[in-house]
Amino acid sequence: MSSHTTPAGPADGPIPGPRRRLIRELLLVAGLFAVYKAGRMLSTDRTDEAFRNAGRIWDAERTLHLPGEGAIQRLLLHGDGLVHTANTYYAAVHFPATVFFLIWLYVRRPGHYLWARRVLAVLTGAALALHLAFPLAPPRMLGAAHLVDTAQVYGPSVYRAAPAADTMANQFAAMPSLHFGWALMLALGMIAATRSRLRVLWLLHPLVTLLVVVGTANHYWLDAIVATVLLGGALLIVPRPRVRSGSLAVVRHLPRPRSTAGAAEAVGAGR
């Protein structure tokens, strides 16, 4: 009677589970982002409507007595270096920060990763629907705002000077501000996923982002307010991750061992 052993699987066999999940997540996130970018381009030719909506937003902010966007821009324009830094922050931080946020959660906090990815997907989907339903010219294009297009004047810029010639971005998708919405979710996600006493400092990221998007005249205050409302709705829809109790929490509920001296005294008292 001969015995047989099962040979090891070939090197080109099925992809291991963890690697397969990673590939699936990469394809899913990339696919969602591609759909969002393609969808935004559907309203690039609605110029007249975008400027009418811009006038309505500007008048609504004045009716609500919101501070003028120009107040923030004047602070940035005190120095070329400051406004250049703000333009760079607008152009270079938004997307990479969100990507690194998701990667960190995927590696270190898988449960929080699924929650954050779903919240961002709902927020971005709602933003896309609003971009299509309500095209909006940013304040840098609105004559009544009397604001400087800081990216074109001081650089760097992610947009072309003529919106109609910009085939890479829809400049009439100002409402809501996903720059602010994603930054706020990043901060809330990191606060929820970490236990540091200083984790509240993550809120500096959306605060700086808000000042940058307004000061560079890329967004109105209401763009950020609407993004906050949409994010709040997404957080209500998507269930929060279940956090398992750590060993420290269990230890805190265990009875403390009696000291040797205490035990000796108890024995003496018993005699």
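Everything that follows concerns the structure shown earlier in this document.
These remarks concern the structure in this document.

1. Points about the overall build of the protein chain
1) Next: For the protein chain, the count of helices and strands is twelve helices and zero strands.
2) Next: Ordering the α and β elements of the protein chain from the N terminus gives α-α-α-α-α-α-α-α-α-α-α-α.
3) Next: Looking at the protein chain as a whole, 37% of its 271 residues qualify as buried.
4) Next: Considering only contacts in the protein chain between residues 6 or more positions apart, those separated by 24 or more positions represent 82%.
5) Next: When the accessible surface of the protein chain is split by element, carbon and sulfur atoms take 65% of a total near 16300 Å².

2. Focus: a nonpolar patch on the surface
1) Next: A cluster of nonpolar residues, Leu198, Val200, Leu201, Leu203, Leu204, Leu207, Val208 and Leu211, forms a patch on the protein surface that exposes about 690 Å² of accessible area.
2) Next: Looking at the secondary structure, you find Leu204 in helix α9 (residues 204–215).
3) Next: Judged by relative accessible area, which is 47%, Leu204 ranks as partly exposed.

3. A word on helix α8 (residues 178–193)
1) Next: Helix length check: α8, at 16 residues, gives a terminal C-alpha distance of 22 Å against a target of 22 Å (1.5 Å per residue), a fit within 8%.
2) Next: Across the 16 residues of α8, 14 count as buried, placing the element largely inside the fold.

4. Concerning the side chain of Asn218
1) Next: Of note, Asn218 is situated in the loop between α9 and α10 (221–237).
2) Next: At 2.8 Å, the side chain of Asn218 and the side chain of Thr216 are in polar contact.
3) Next: Not counting the four nearest positions on each side in its chain, Asn218 is found in contact with Tyr90, Pro138, Pro139, Arg140, Tyr159, Ala174 and Val213.

5. Describing α10
1) Next: Spanning 17 residues, α10 covers 25 Å between terminal C-alpha atoms, matching the ideal 24 Å at 1.5 Å per step.
2) Next: For α10, the set of buried residues is Trp221, Leu222, Asp223, Ala224, Ala227, Leu231 and Ala234.
3) Next: Where α10 is buried, its residues meet α2 (47–63), α3 (69–76), α6 (110–133), α8 and α9.

6. Brief notes about the packing of aromatic side chains
1) Next: The final tally for this structure, using the stated rule, is three aromatic pairs.
2) Next: With centroids separated by 5.1 Å and ring planes inclined at 90 degrees, the aromatic side chains of Tyr106 and Tyr113 adopt a geometry described as edge-to-face.
3) Next: Judged by relative accessible area, Tyr106 falls into the partly exposed class, the value being 25%.
4) Next: You can call Tyr113 buried: its relative accessible area is 5%.

How each quantity is defined
Residues numbered from 1 in each chain as written. Predicted model: local features only at pLDDT ≥ 70, side-chain atom pairs only at ≥ 80, totals over all residues. Heavy atoms only, no water. Helix = DSSP H or I, 4+ residues; strand = E, 2+ residues; numbered from the N terminus. Buried < 20%, exposed > 50% of the residue type's maximum accessible area, 1.4 Å probe, protein only. Contact = heavy atoms within 4.5 Å. Areas by Shrake-Rupley, 256 points an atom, 1.4 Å probe, with all protein chains shown as cover. Patch = residues over 30% accessible without salt bridge, like charges linked within 9 Å, V, L, I, M, F, W, Y side chains within 5 Å. Salt bridge = Lys/Arg side-chain N within 4 Å of Asp/Glu carboxyl O. Expected span 1.5 Å × (residues − 1). Polar contact = N/O pair within 3.5 Å; in protein donor to acceptor, adjacent residues only side chain to side chain. Phe/Tyr/Trp six-rings, centres within 6.5 Å; stacked < 30°, edge-to-face > 60°.

Keep in mind that these numbers describe shape and distance, not what the molecule does.
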